[in-house]
Structure formats: C-alpha cells, structure tokens
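# Observations on the three-dimensional arrangement
The residues making up each chain are set out below.
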Amino acid sequence: MTLWVLTIVGLAALIAVDFFIGRKPHDVSIKEAGIWTVVWIALAGLFGLGLLVFGGGQPAGEFFAGFITEKSLSVDNLFVFVLIMAKFAVPSQYQQRVLLVGVLIALVLRAVFIAAGAAIIASFSWVFYLFGAFLIWTAWKLIQEARADEEDEEYEENKLLKAAERRFGVADRYHGTKLWIQQNGKRVMTPMLVVMLAIGTTDVLFALDSIPAIFGLTQDPYIVFTANAFALMGLRQLYFLIGGLLRKLVHLSYGLSIILGFIGVKLVLHALHESGVHVPEISIPVSLGVICAVLVATTITSLMASKKQAAAEAAPSGSGDAAAKDSVDARP
C-alpha cells in the first residue's frame with residue numbers, strides 16, 4: 001500500500017508540474033514537444049531501472065515490455081485524436097489543454113479497468129483464454145481495417161457523449177478554457193469540455209485491447225498501472241511531435257496487429273500451462289525482443305512506402321510542368 005501511495009503521489013506531482021508549466025494556452029512548438037517527450041520517456045526509463053534495482057530483472061522486463069506495447073498502441077490512438085480535434089474545430093492554442101485533461105480522464109478510467117481486470121484474473125484463471133482469443137480477433141480486425149484503407153474517416157460521437165450534450169446543452173463557440181458558461185439563463189457545457197470528454201471516453205474503447213494486451217505480459221497490477229500511466233502521460237507531447245508524421249506510418253496497423261496476435265497466442269499458451277497442459281511459454285525477454293523488432297520493422301517499411309508513394313505522386317506533375325515549359329518555349 002505504501003508503494004502504491006508513493007507512486008500515485010509521485011505521478012500526481014509530475015502531472016501538476018506538466019500542467020503548471022503549460023497552463024497558459026499557446027501553440028506547442030516542435031522543440032517544446034520534443035523536450036517533454038524525451039523527459040517522459042526518460043522518466044519511464046528511470047522507473048524501469050528502479051524496478052530492476054529493487055525488484056530484479058523480471059518486473060523490470062515486464063514493465064519495459066508493457067510500456068513499449070502501450071506506447072505503440074497509444075500512437076495508434078493519435079489518429080483518432082486528430083479526427084476529434086478536426087471534428088470539434090479545436091483552436092490550436094487550446095489543444096494542449098484538451099489533451100492534458102482528456103488523458104487524465106482516460107488514466108482514471110483505465111485504472112478502473114485495471115482493477116477490474118486484476119480482480120477477474122485473480123478469481124478466474126480461464127479468463128486468459130478469453131483475453132487471448134479477443135486479442136487474436138482484434139489483430140485480425142486491425143488487418144482488415146488496414147487493408148480497407150479508409151481515407152474518409154470521420155469521428156462519430158459515442159452514446160455517452162451524445163447523452164451528456166442533450167442533458168446539459170452545448171455553447172455555440174469556445175470561451176477560452178472555460179468548461180461551463182451561463183447561456184440564456186442556463187448553465188451549459190462549452191465545446192472545450194465536450195472535446196475533453198470525447199478524448200477521455202474514446203480512449204476507454206482502445207483500453208479494451210490494450211489492457212488485455214499488457215495483462216498478457218504481466219499479471220502484476222502495479223506494473224500494469226504504471227506502464228499505462230507513463231505511456232499515457234507522454235501522449236500529449238507525442239501528439240504535437242509526430243502529428244505530421246502519423247499519415248506516413250502506413251504500416252502501423254499491421255505492426256500492431258502482429259503484436260496483439262503474438263500476445264494473444266502468449267496468453268493462450270499461458271492459460272494452457274495454468275490448466276496443466278505441458279506447452280512452452282513465451283518468456284518476457286522474447287516478448288520484448290519481438291515487440292521491438294516489429295515496431296522497428298514497421299516504422300522502416302512505413303517510411304519507405306510513404307517516400308515511394310510521394311515520389312510516384314510527384315512524378316506526373318513534374319513531367320506535366322516540363323511538357324508545359326517545352327510548349328511555351330516552342331512558341332514563336
């Protein structure tokens with residue numbers, strides 16, 4: 001209990017520092033986003049080293065494997081965050097505040113999911129079969145969505161968000177960073193609060209695959225929670241840092257599907273082992289190696305494919321310009 005309390009207090013202090021440093025609405029520069037991204041990754045690295053020193057190699061390996069998995073899945077979430085920002089036309093200077101509060105909402109909701117998952121696992125070992133099957137199905141679904149290549153994606157509000165809008169009403173424009181205002185004698189939500197709730201509640205949907213995925217790497221609720229916390233808290237800065245690069249990660253969904261499928265198989269093997277069936281189990285070092293290798297390969301092939309596509313798109317326009325120039329030069 002002491003460890004839990006100290007960890008939560010420490011995370012709350014880091015969040016407070018992050019909030020007060022960026023409390024004034026402003027456009028986040030690439031430099032600022034890059035510095036804070038490095039800070040959060042370094043803090044996660046230091047935390048993992050602390051686990052190595054005080055807990056040994058097993059918990060440290062589980063933390064790093066879980067952190068990298070959650071971080072990679074969080075990058076996929078950024079695609080949806082971009083759609084949400086566009087849907088609600090969030091002014092650029094308010095986007096960092098929206099993301100900070102939205103991520104905090106997501107972290108609280110994920111903590112509830114983690115507690116529920118830990119309780120279920122402790123009581124019913126067969127739940128690993130369900131988690132494994134669900135991750136394998138999610139991996140297949142990701143591949144299908146990637147092959148569909150839907151260019152005209154648009155964010156659709158969930159039922160909870162629509163219910164809140166009907167119940168309280170929404171102002172017709174942004175009012176700075178205010179969440180509630182008085183309009184026509186009635187207290188209504190501002191678009192700022194709506195988009196914060198949209199990001200926070202939408203992340204819960206992603207938690208449906210990320211939480212089982214990390215439980216496939218470790219059954220320690222403490223490691224599950226801290227890996228999620230560090231992955232989420234650096235997400236805001238990562239949004240501004242790689243926002244322009246997201247469209248270039250064309251093979252990310254394939255990489256994530258491989259990772260989720262791999263962890264799904266690992267969960268099924270673990271469930272069989274727990275049931276007394278003699279099957280090989282996949283160790284944490286092997287899991288960490290596979291996850292890192294898939295992410296590196298996916299990033300490289302994505303950038304190569306994007307570069308090739310950009311060159312192919314530029315070629316016709318270039319030849320067309322040259323032809324037009326020759327035509328002009330040929331005139332008397």
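Residues numbered from 1 in each chain as written. Predicted model: local features only at pLDDT ≥ 70, side-chain atom pairs only at ≥ 80, totals over all residues. Heavy atoms only, no water.

Per an unreviewed UniProt entry, the protein is named Tellurium resistance protein TerC, and its organism is Streptomyces cellostaticus. The annotation that UniProt attaches to the protein under Sequence similarities (unreviewed entry) is "Belongs to the TerC family." Per UniProt, the protein carries the Subcellular location (unreviewed entry) text "Membrane". (UniProt positions renumbered as here; feature names shortened; annotations may be inferred.)

### A short note on the pairing of strand 2 (residues 186–189)
Along a regular strand, successive side chains alternate from one face of the sheet to the other. Pairing geometry for strand 1 (residues 180–183) and strand 2, over 4 bridges, is antiparallel. Among the inter-strand pairings, Gln-182 is bridged to a residue of strand 2, identified as Arg-187. Hairpin connection of strand 1 to strand 2: 2 residues between the antiparallel strands, including Asn-184 at a positive phi of 55°. (Pairing = 2+ DSSP bridges. Helix = DSSP H or I, 4+ residues; strand = E, 2+ residues; numbered from the N terminus.)

### Section: the environment of Ala-133
Tracing the sequence through the fold places Ala-133 in helix 5 (residues 127–148). As for Ala-133 and Leu-267, which are separated by 134 residues in sequence, their C-alpha atoms are 8.6 Å apart.

### A word on the nonpolar core
Within the largest apolar cluster, 81 residues are counted, with the highest numbers of intra-cluster contacts made by Phe-63 and Phe-88. The element contributing the most residues to this core is helix 3 (residues 57–87), with 12 residues. (Core = buried A, V, L, I, M, F, W, Y, C linked by side-chain atoms within 4.5 Å. Buried < 20%, exposed > 50% of the residue type's maximum accessible area, 1.4 Å probe, protein only.)

### Overview of the side chain of Thr-226
By secondary structure assignment, the location of Thr-226 is in helix 8 (residues 221–233). Given the relative accessible area of 0%, Thr-226 is considered buried. At a separation of 3.2 Å, a polar atom in the side chain of Thr-226 contacts the main-chain carbonyl oxygen of Ile-223. In this structure, Thr-226 is in contact with Thr-7, Phe-47 and Phe-63, ignoring residues within four places of it in sequence. (Polar contact = N/O pair within 3.5 Å; in protein donor to acceptor, adjacent residues only side chain to side chain. Contact = heavy atoms within 4.5 Å.)

### A word on the environment of Lys-186
With respect to the secondary-structure elements, Lys-186 resides in strand 2. Contacts of Lys-186, omitting those with residues within four sequence positions, involve Arg-167, Phe-168 and Ile-181.

### Overview of a nonpolar patch on the surface
A surface patch of nonpolar side chains, about 590 Å² in accessible area, is lined by Leu-46, Leu-49, Leu-52, Val-53 and Phe-54. Under the relative-accessibility criterion, Leu-52 is labelled partly exposed at 42%. (Patch = residues over 30% accessible without salt bridge, like charges linked within 9 Å, V, L, I, M, F, W, Y side chains within 5 Å. Areas by Shrake-Rupley, 256 points an atom, 1.4 Å probe, with all protein chains shown as cover. Salt bridge = Lys/Arg side-chain N within 4 Å of Asp/Glu carboxyl O.)

### Some details on unusual backbone geometry
A positive phi is found at Ala-89, a non-glycine position, where the angle reads about 50°. Secondary-structure assignment places Ala-89 in the loop between helix 3 and helix 4 (95–123).

### Regarding the packing of aromatic side chains
All chains considered together, the criterion is met by 10 aromatic pairs. Plain terms: the ring middles of Phe-47 and Tyr-222 are 6.1 Å apart, the flat faces sit at 40° to each other, and that makes the pair tilted. Within this pair, whereas Phe-47 is found in helix 2 (residues 30–55), its partner Tyr-222 is found in helix 8, the two being separated by 175 residues in sequence. Just as Phe-47 is buried, Tyr-222 falls in that class too. (Phe/Tyr/Trp six-rings, centres within 6.5 Å; stacked < 30°, edge-to-face > 60°.)

### Comments concerning the pattern of salt bridges
Applying the stated criterion to the full structure yields 1 salt bridge. Where Arg-110 meets Glu-70, a salt bridge forms, and the shortest distance between an N and an O atom there is 3.1 Å. Note that Arg-110 is positioned in helix 4 and Glu-70 in helix 3, a separation of 40 residues in sequence. Per residue, the accessibility class of Arg-110 equals that of Glu-70, and both read buried.

### Section: the confidence of the model for the protein
Counting all residues, the mean pLDDT for the protein is 80, and 88% of those residues have values of 70 or more. Counting contacts from residues 323–328, a segment whose pLDDT is below 50, to residues more than four positions away or on other chains yields 0 contacts. (pLDDT = per-residue confidence, 0-100.)

### A short note on the packing of helix 8 against helix 9 (residues 235–242)
Their axes nearest at 5 Å, the elements helix 8 and helix 9 cross at an angle of 40°. Relative to helix 9, the element helix 8 is oriented oblique. Touching Ala-231, Leu-232 and Met-233 of helix 8 are Leu-235, Arg-236 and Gln-237, all from helix 9. Residues belonging to the contact of helix 8 with helix 9 are distributed by class as follows: 4 nonpolar, 1 polar and 1 charged. (Axes fitted to C-alpha atoms, helices over the stretch in contact; angles between N-to-C directions. Parallel < 35°, antiparallel > 145°, perpendicular 65-115°, else oblique. Nonpolar A, V, L, I, M, F, W, Y, C, P; charged D, E, K, R; others polar.)

### Considering helix 9
In terms of residue burial, helix 9 counts as a mostly covered element, since 7 of its 8 residues are buried. Along helix 9, the positions that sit buried rather than exposed are Leu-235, Arg-236, Gln-237, Leu-238, Tyr-239, Phe-240 and Ile-242.

### As for the side chain of Thr-218
Turning to its location among the elements, Thr-218 is positioned in the loop between helix 7 (191–215) and helix 8. At 2.8 Å, the side chain of Thr-218 and the side chain of Glu-62 are in polar contact. At 3.1 Å, the side chain of Thr-218 forms a polar contact with the backbone nitrogen of Asp-220. Contacts of Thr-218, omitting those with residues within four sequence positions, involve Glu-62, Ile-223 and Val-224.

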